[in-house]
Amino acid sequence: MSGRFPTTTIVLVAGLLLTAWAQAQPPGPGGPPPAPRSPREAAQVDITGYWVALVTEDWLWRMVTPQKGDITSVPMNPNGRRAANEWDRERDIANGEQCKAFGAAGLMRQPLRLHITWEGNDTLRIDTDAGQQTRLLHFAANAAAVAAPSWQGNSTAEWTRAVAGFDMRMVFGSPKDLPKGPLQASLKVNTSQLRAGYLRKNGVPYSDSTQLTEYFSRVTTAGNDYLTVLSIVRDPVYLTGPFLTSSQFKREPDAAKWNPSPCQTAAPQQKGG
Amino acid sequence: MKKIMVLLPLICAASTTVLAQVDFTGEWDHPGMFGHEDLNDRGQGPEIGDYMGLPLNAAGLRKAESYSGSWLSVPEHQCTPHPAAYQTWGPNTLSVGKIYDPVQRVVQAITLYGTFGLDRVVWMDGRERPPETALHSFSGFSTGHWEGDKLVVETTHLKTGWLRRNGTPTSERAKMTEYFERFDNYLLVTTIVEDPVYLSEPFVRTTEYELTLRPVPVLGYPFTRNDGPTFYKCFPGEETTSNKYFVPHYLPGTNTLLDDFATKYRIPRWALARGGASMYPEIMRNIFSNNVVKVAAPQVLAAPPRDNALHSVQVRDRIWLITGAGANVTVQVGNEGVLLVDTGTAAMAPRLLEEIRRITGGKPIHYIINTQWQADHTGGNVLLSDGPIQRAAILAQENVGLRLAEAKADASKLVMDTYYSDSKVIYFNGEAIEIIKVPKAHGDGDSLVFFRGSDVVVAGDIIATNSFPRFDTAEDGSINGLLAALNRILDITVAENRGQGGTIVIPGHGRLYDEADVAEYRDMVNIVRDRIQQAASKGQTLQQVRDSQPVLDYAGIFGNAGTDWTSDNFVEAVYKNVRGAK
């Protein structure tokens, strides 16, 4: 074997290490440090705008109100089943708790529209037309302190990259092998300090100990923008394990179809036949 | 060394991009095995009538409403796998692997193996898509590329499939785009299906998986605990004692299961057939206020453009298909020379001859078989049979010769070797070739040609994949004869695995078919015949039948708008034929 292969390998490894090292370094002393970019400036994907839920999945559990006790495919423990069986829509209305099905852990499964905007440079704001809820996704670490649990809880957000992989083709391959388009990150949101609410309209419960993790992403196909949200609900009180769902939204050009309405849950569709 | 030092900055730059890529390799499972949503798709299957949330247009809804669950008992459909557009939605696990180029050791393809579906290969090496004439499959042809952290997979060449396991269709013109994204140990698959035939707008859905360390039931466990390998290879069994050619379906207005669904969920009957409108939040307001929403009409799809060029595709070792010369031309080439099935038009014959010489290395043409008499099948007979020493023998059913003579075609001046019994058999280039009479079909001179060794059937105009089948009652053709001929083809074909592959069928016009495609085409002819026959039996006029749109769900594929054989022509021919057959 000639000496060329080892030399190539050494240079390659050196290149990769150099890159990694360079990426890890703080700004050098040679000039004024660049101003840190705000989360808004650092956003590699723009999810602001109007979005409408595409209810192509679980229609019979999301569009209509399922019957009491229908916990189909939700990993409920016995406590959760019991609580689901005790749901009383009229009692919720009487107690002014119509928004229990519009809390953060169930909100994105509702048939509704979203309006996502930046509130300043550090906070993404999500408003919904149905239920008229507002979620604030805080990028700044010091914005986490919120006094009392609420329907939308306290959300911290970060731009995140997927798990890194490595493909030698990227080094040895031709330019056509390089990824097309800009690098895209996704948005990871952790939410806690939630008021107890419902995963579904029919009183399938989550407790105030719930932790919600969400990943927001955006894809563009056939001239349409779609927003996808992967939700992971962890509730030690009512669930046997994480509850995973994914929902999709389509971008709308404006607010023409925005239809604000208060929290309301229709009576269950009583099965006939 | 100099070169390498020059490359160093490039390597550094590239490596920041490299890290954008994600490794999906491994075993993935829906959370809790069946997932936490779409249970109806992962369990017993959604109910007939559950079309809610699907952007079906009127054609898609008609096809869905015609669907009978007994469809799965039809021999040719029994082994149908979950098509790619449904696979991740079904009760599946997912095993993701890689295929490396054996020389360059770079990723050539990503493999997606899943329960109940076929093994999918996503080509990452930039290869071109197959030609229009290529076979379609339930998994389609997929290529992939990276957009940042997302693996984007684009799939075409799909067979007729479904969005849900209740007859909600996708067509062979569907295109699918998938995004694979990994978030920590979760995998999100976003599937977007565009289908100009059955959908009014793209269908979007998302499916989530979690990384699993336990062996995933890719081979069927626990669903096929006792018959895993048999299940996956899958050959049809005899599930009923009914006629094996029976095509189960509901005639328009007779599917009472739709009423049952509406009653059960207290949804107005009209709301079941609202297609895309049912995806959006306002559908519930419309339902509660009984505001009937209009469903989208299907697009009028023009016939695919033709480029006036000849295209050749190798079907099997010895068999080629040439398109663009009129009717499809099949070329068999071997040590003994060349055999042609059909010869295209006279005008294209010189160019066709050149193409045949190119493919065969100039070997002599010894045999020509005509599947019927018309000029787009026999126009090249004179030129192509003309050899330096002796003419090629021309074989056909005897009525082909008679019809050519009646038409005073040039080809009628050639001596033909005709047959009048059920079939004729020759042996050429190392394989038996059966010429099989199919009476009263397209006309009175139709033959199928079965290359036994190559396992290829040439169907002639019994099948045109880009139009409804033509038949001419003036020449003793008939809709029932066409159906019988299609069933005869299905008697010959054997699928390789899961209902597809195996015997290849070359139609008179259009792309390559296999058993699953022929069965779908046969089903279409059967269903349309039944609809028109029912209407005619009630005394409906031709105009009334047309108004009932008996080909609504198939016109997007076979309607061939703008040509001389449209949906209207076909409906009229069937109507007159079934009226005359009373």
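Since the structure is predicted, the reported quantities are computational estimates derived from the model, not experimental observations. (Residues numbered from 1 in each chain as written. Chains lettered and ligands numbered in written order. Predicted model: local features only at pLDDT ≥ 70, side-chain atom pairs only at ≥ 80, totals over all residues. Heavy atoms only, no water.)

**Q** Lay out the overall build of chain A with the relevant residues and their values.
**A** When helices and strands are tallied, chain A shows seven helices and 11 strands. Relative to its 273 residues, chain A shows a buried fraction of 51%. The long-range fraction of contacts in chain A, counting pairs at least 24 apart against all pairs at least 6 apart in sequence, stands at 66%. As displayed, chain A offers around 12,200 Å² of accessible surface, 55% of which is attributable to carbon and sulfur atoms. (Helix = DSSP H or I, 4+ residues; strand = E, 2+ residues; numbered from the N terminus. Buried < 20%, exposed > 50% of the residue type's maximum accessible area, 1.4 Å probe, protein only. Contact = heavy atoms within 4.5 Å. Areas by Shrake-Rupley, 256 points an atom, 1.4 Å probe, with all protein chains shown as cover.)

**Q** Lay out the overall build of chain B in plain terms, naming residues and giving numbers.
**A** Broken down by element type, chain B carries 16 helices and 23 strands. For chain B, the C-alpha radius of gyration of 26 Å lies close to 25 Å, the compact-globule estimate for 582 residues. Within chain B, buried positions represent 62% of all 582 residues. Of the contacts formed within chain B by residues at least 6 apart in sequence, a portion of 64% connects residues at least 24 apart. (Rg over C-alpha atoms; globule rule 2.2 N^0.38 Å.)

**Q** Outline the confidence of the model for chain A, supporting the account with residue identities and numerical values.
**A** One rule of thumb: low pLDDT means the predicted coordinates there are not for detailed reading. Residue and element names in this part refer to chain A. Per-residue confidence for chain A gives a mean pLDDT of 83; residues scoring 70 or more make up 75%. Across residues 15–28 the pLDDT falls below 50, and counting only partners more than four positions away or on other chains, this stretch makes 11 contacts in the model. For the stretch residues 162–183, pLDDT sits under 50, and the model shows 52 contacts to residues farther than four places along the chain or on other chains. (pLDDT = per-residue confidence, 0-100.)

**Q** Help me get a handle on the side chain of A:Asp129, residues and values and all.
**A** Residues and elements named next belong to chain A. Within the element layout of this structure, Asp 129 appears in the loop between β3 (123–128) and β4 (134–138). One buried charged residue, Asp 129, remains without a salt bridge, the closest side chain of opposite sign being Arg 113 at 4.4 Å. If near-sequence neighbours (up to four positions away) are discounted, Asp 129 is found in contact with Leu 112, Arg 113, Lys 257, Trp 258, Asn 259, Pro 260 and Ser 261. (Lys, Arg positive; Asp, Glu negative; His and termini not counted. Salt bridge = Lys/Arg side-chain N within 4 Å of Asp/Glu carboxyl O.)

**Q** Go over the sheet that holds strand β17 (residues 393–397) of chain B, please, and point to the residues and values.
**A** All names here are of chain B. The seven strands lie next to each other as β12-β13-β14-β15-β16-β17-β18, forming an open sheet whose pairing is mixed. At either margin of the open sheet sits one strand with a lone partner, and together these are β12 (311–314) and β18 (417–419). The average angle at which neighbouring strand axes cross in this sheet is 20°, direction not considered. With five bridges joining them, strand β14 (residues 329–334) and strand β15 (residues 337–341) adopt antiparallel strand pairing. Within β15, the position partnered with Val 333 by the bridge is Val 338. Along the sheet, helix α8 (residues 349–360) contacts β12, β13 (319–323), β14, β15 and β16 (365–369); its crossing angle with β13, the most-contacted strand, is approximately 155°. (Pairing = 2+ DSSP bridges. Axes fitted to C-alpha atoms, helices over the stretch in contact; angles between N-to-C directions.)

**Q** Kindly report on helix α12 (residues 479–492) of chain B, identifying the contributing residues and their values.
**A** All names here are of chain B. For α12, which comprises 14 residues, the first-to-last C-alpha distance of 20 Å matches the rise-based estimate of 20 Å (1.5 Å per residue) to within 8%. For α12, the buried fraction is high: 10 of the 14 residues fall into the buried class. Among the residues of α12, those classed as buried are Ile 479, Gly 481, Leu 482, Leu 483, Ala 485, Leu 486, Asn 487, Ile 489, Leu 490 and Ile 492. Lining the buried residues of α12 we find β20 (431–437), β21 (447–451), β22 (456–464), β23 (504–509), α13 (515–537) and α16 (567–580). (Expected span 1.5 Å × (residues − 1).)

**Q** Can you explain the nonpolar core? Please cite residues and give values.
**A** By size, the foremost hydrophobic cluster in this structure holds 70 residues, and its most contacted members are A:Trp59, A:Leu114, A:Leu187, A:Phe216, A:Leu227, A:Phe249 and B:Ile267. With residues near it in sequence (within four places) discarded, A:Leu187 still touches A:Ile47, A:Leu124, A:Leu137, A:Phe139, A:Ala157, A:Glu158, A:Trp159, A:Glu214, A:Tyr215 and A:Phe216. With 52 residues, the next largest nonpolar core counts B:Phe471, B:Ala519, B:Ile527 and B:Ala536 among its residues. (Core = buried A, V, L, I, M, F, W, Y, C linked by side-chain atoms within 4.5 Å.)

**Q** Could you give an account of unusual backbone geometry, naming the residues involved and the relevant values?
**A** Even without a glycine there, the phi angle at B:His157 is positive, about 55°. Tracing the sequence through the fold places B:His157 in the loop between β6 (150–156) and β7 (161–164).

**Q** Explain the confidence of the model for chain B residue by residue, including any values.
**A** Taken residue by residue, chain B gives an average pLDDT of 89. The fraction at 70 or more is 92%. Between residues 218–227 of chain B, whose pLDDT stays under 50, and residues either more than four places distant or in other chains, the model counts 16 contacts.

**Q** Lay out the packing of aromatic side chains with the relevant residues and their values.
**A** In this description, a pair of aromatic rings is defined by centroid distance and the angle of the planes. Under the criterion given, the structure shown has 17 aromatic pairs over all chains. Here B:Phe24 and B:Trp146 contribute two aromatic rings whose centre-to-centre distance is 5.9 Å and whose plane-to-plane angle is 5°, an arrangement assigned as stacked. You can see B:Phe24 sitting in the loop between α1 (2–18) and β1 (26–29) and its partner B:Trp146 sitting in strand β5 (residues 141–147), a full 122 residues away along the chain. There is no split in this pair, since B:Phe24 and B:Trp146 are both buried. Look at B:Trp71 and B:Trp162: their rings are 6.2 Å apart centre to centre, the planes differ by 85°, and that puts the pair in the edge-to-face class. Of the two residues, B:Trp71 sits in the loop between α3 (58–66) and α4 (84–87) while B:Trp162 sits in strand β7, which places them 91 residues apart along the sequence. The buried category is assigned to B:Trp71, whose relative accessible area is 16%. The side chain of A:Arg195 reaches across the aromatic face of A:Trp151, ending 3.9 Å from its centre. Lying across the ring of B:Phe138, B:Lys159 places its NZ or CZ 5.8 Å from the centre. (Phe/Tyr/Trp six-rings, centres within 6.5 Å; stacked < 30°, edge-to-face > 60°. Lys NZ or Arg CZ within 6 Å of the ring centre and 35° of its normal.)

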